[in-house]
Amino acid sequence: METNNCGNHNNNINSVHVHTDDEVLNRIYSPLYYHILTPTCLKHMAREWLKEDTPSFDFAGFVVGEKEENAILLMKEPGVIAGKPFVDAVFQELDCSIHWHVQEGDYIEPIKKVATVSGKVRHLLLGERVALNCITRASGIATMARRVAQKAELCGWKGEVAGTRKTTPGFRLVEKYALLVGGVSTHRHDLSSMIMLKDNHIWTAGSISQAVKDARIVGGFSLKIEVECRSLQEATEAAKAGAEIIMLDNFSPESAEKASRELKSTFPNIIVEVSGGITEETLTDFCTSNVDVISLSQLTQGYSTIDFSLKINKAGKDLSNPTVRDV
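Counting from 1, residues in each chain are numbered in the order their sequence is written. Local features are withheld for residues below a pLDDT of 70 in this predicted model, meaning they are given only at 70 or higher, and side-chain atom pairs are given and counted only at 80 or more; totals for whole chains, interfaces and linings count all residues. By convention in this description, side-chain values take in all heavy atoms of the structure and omit both hydrogens and water.

Per an unreviewed UniProt entry, the protein chain carries the name Nicotinate-nucleotide pyrophosphorylase [carboxylating] and comes from Lymnaea stagnalis. Listed under Pathway (unreviewed entry) in UniProt, the entry text for the protein chain is "Cofactor biosynthesis; NAD(+) biosynthesis; nicotinate D-ribonucleotide from quinolinate: step 1/1." UniProt positions are given in the numbering used here, feature names are shortened, and annotations may be inferred rather than shown by experiment. According to the UniProt record, the Subunit (unreviewed entry) comment for the protein chain is "Hexamer formed by 3 homodimers."

And the structure:
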């Protein structure tokens, strides 16, 4: 079995390293991922979230009224901050302004003031929980994604770590966006963005070859076809049928390495993905040279949220909300 170099990575910070052109470019180019989000989509999502949270009367809002106030957004756990466009959209719907003190994708050590929000106080509080729900989850995903991506990078592996379509209904756009901020691939967004033929499709169609043939009729040249395979024989049939991507589903690391090596020797241009039960802890076992993509559902199903809070800035009040020690 081919071994990867995960266990042999040189962590000596004093070692001489010549930066490649790609490394220099990556330091200069900081992608603005929010440019992939459309204003109309953000506005629609923010409105729906706000309607869900306040479907009728805002009883508590009556108590505070419409005095202009400032609120401080605090990041209270270490992690990668993600989700700023969604927070912006929520408060824009409520005619509040927001000034950010950090950049999307920054790694933050708590407790840190990451933004100041200004507006009518009842509007600030209308947006509070909706905005926090977005940024805590997006930052949780981005933090885990960054950690996983770094593990793969330390191995010297050149492939892509990816999420999956196992996302929260109605919240997929936020989760997929957070994966990008964290530094991993989103994989396909939905059933319309790539053709993936899984076991149920193949069993119903009768064979892998027939399923790929039928899929090509409707997908044409513009959509790639990926086939989920449970053996080298199935993977070979899919490649011969014209699939561009082979997913080795629930393979052991040893079986995945052997199957991917065999596939690449016969079909050098095929993309090999491994998936199924892979976790942050087992990721590096699959980081071998013939594997192009490793996908983990854990990135959108098993992440921990990052704690944030929004506090009206009042003199003499502790915004950090410390634990009560003495009653």
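Student: Explain the packing of aromatic side chains here, please?
Tutor: When we look at a pair of aromatic rings, we describe it by the centre distance and by the angle of the planes. Two rings from Phe, Tyr or Trp (for Trp, the six-membered ring) form a pair when their centres are within 6.5 Å of each other. A pair whose planes differ by under 30 degrees is stacked, one over 60 is edge-to-face, and the rest are tilted. As enumerated under the stated definition, the model contains four aromatic pairs in all. With a centroid separation of 6.1 Å and 55° between ring planes, the pair formed by Trp49 and Phe171 is classed as tilted. In this pair, Trp49 is assigned in helix α2 (residues 39-53) and Phe171 in the loop between β6 (160-162) and α6 (172-182), connecting sequence segments 122 residues apart. Of the two residues examined, Trp49 and Phe171, each falls in the buried class. Aromatic pair Phe57 and Phe59: ring centres 5.6 Å apart, planes at 65°, arrangement edge-to-face. Clustering of aromatic rings is evident, with ring pairs tying together Trp49, Phe86, Phe171 and Tyr177. Comment: elements are numbered from the N terminus, with helices defined as DSSP H or I runs of at least four residues and strands as E runs of at least two. When accessible area is computed with a 1.4 Å probe and restricted to protein chains, residues below 20% of their type maximum are described as buried, those above 50% as exposed, and intermediate ones as partly exposed.

Student: Where do I start with the pattern of salt bridges in this structure?
Tutor: Should their charged atoms come close, side chains of opposite charge can pair. Each salt bridge in this description consists of a side-chain nitrogen of Lys or Arg and a carboxyl oxygen of Asp or Glu lying within 4 Å of one another. Applying the stated rule across the entire model yields 13 salt bridges. For Lys67, the salt bridge identified is with Glu69, shortest N-O distance 3.8 Å. On the basis of relative accessible area, Lys67 is assigned to the exposed category, the value being 54%. The partner of Glu244 in a salt bridge is Arg216, with the nearest N and O atoms 3.0 Å apart. Of this pair, Glu244 sits in the loop between α9 (232-241) and β9 (245-249) while Arg216 sits in helix α8 (residues 208-219), and the two are 28 residues apart along the sequence. Owing to a relative accessible area of 27%, Glu244 belongs among the partly exposed residues under this scheme. With relative accessibility at 27%, the residue Arg216 sits in the partly exposed group. The network of salt bridges with common partners includes Lys43, Arg47 and Glu93.

Student: In this structure, what is going on with the UniProt feature "domain: Quinolinate phosphoribosyl transferase C-terminal" (unreviewed entry) in the protein chain? I would like to understand it.
Tutor: Per the UniProt record, "domain: Quinolinate phosphoribosyl transferase C-terminal" (unreviewed entry) is annotated on residues 141-311. Structurally, residues 141-311 comprises 42% helix and 16% strand, and the distance from its first C-alpha atom to its last is 24 Å.

Student: Mind showing me how you'd approach the pairing of strand β8 (residues 225-229) here?
Tutor: Looking along a regular strand, one sees the side chains alternate between the two faces of the sheet. In terms of residue burial, β8 counts as a mostly covered element, since five of its five residues are buried. Of the two faces of β8, the one lined by Ile225, Val227 and Cys229 and the one lined by Glu226 and Glu228 are each fully buried. The sheet contact formed by strand β7 (residues 195-197) and β8 spans three bridges and is parallel. The partner of Met196 across the bridge, within β8, is Glu226. Taken together, β8, α9 and β9 constitute a β-α-β crossover, and its handedness is right-handed. Should DSSP find at least two bridges between two strands, the strands are taken to pair. Every crossover in which the path from the first strand over the helix to the second runs clockwise, viewed with the strands pointing away from the viewer, is termed right-handed.

Student: Any chance you could explain the sheet that holds strand β11 (residues 293-295) here in plain terms?
Tutor: Across a sheet, strands are paired by hydrogen bonds formed along the backbone, either parallel or antiparallel in direction. Pairing is parallel in the open sheet, where six strands are placed in the order β6-β11-β10-β9-β8-β7. Of all strands in the sheet, those with a lone pairing partner are β6 and β7, marking the two edges. Looking at each pair of strands side by side, their axes are set apart by 20° on average, direction ignored. With three bridges joining them, β6 and β11 adopt parallel strand pairing. Interaxial angles span 0 to 180 degrees and are taken between N-to-C directions of axes, which are lines fitted to C-alpha atoms, for helices over the stretch in contact.

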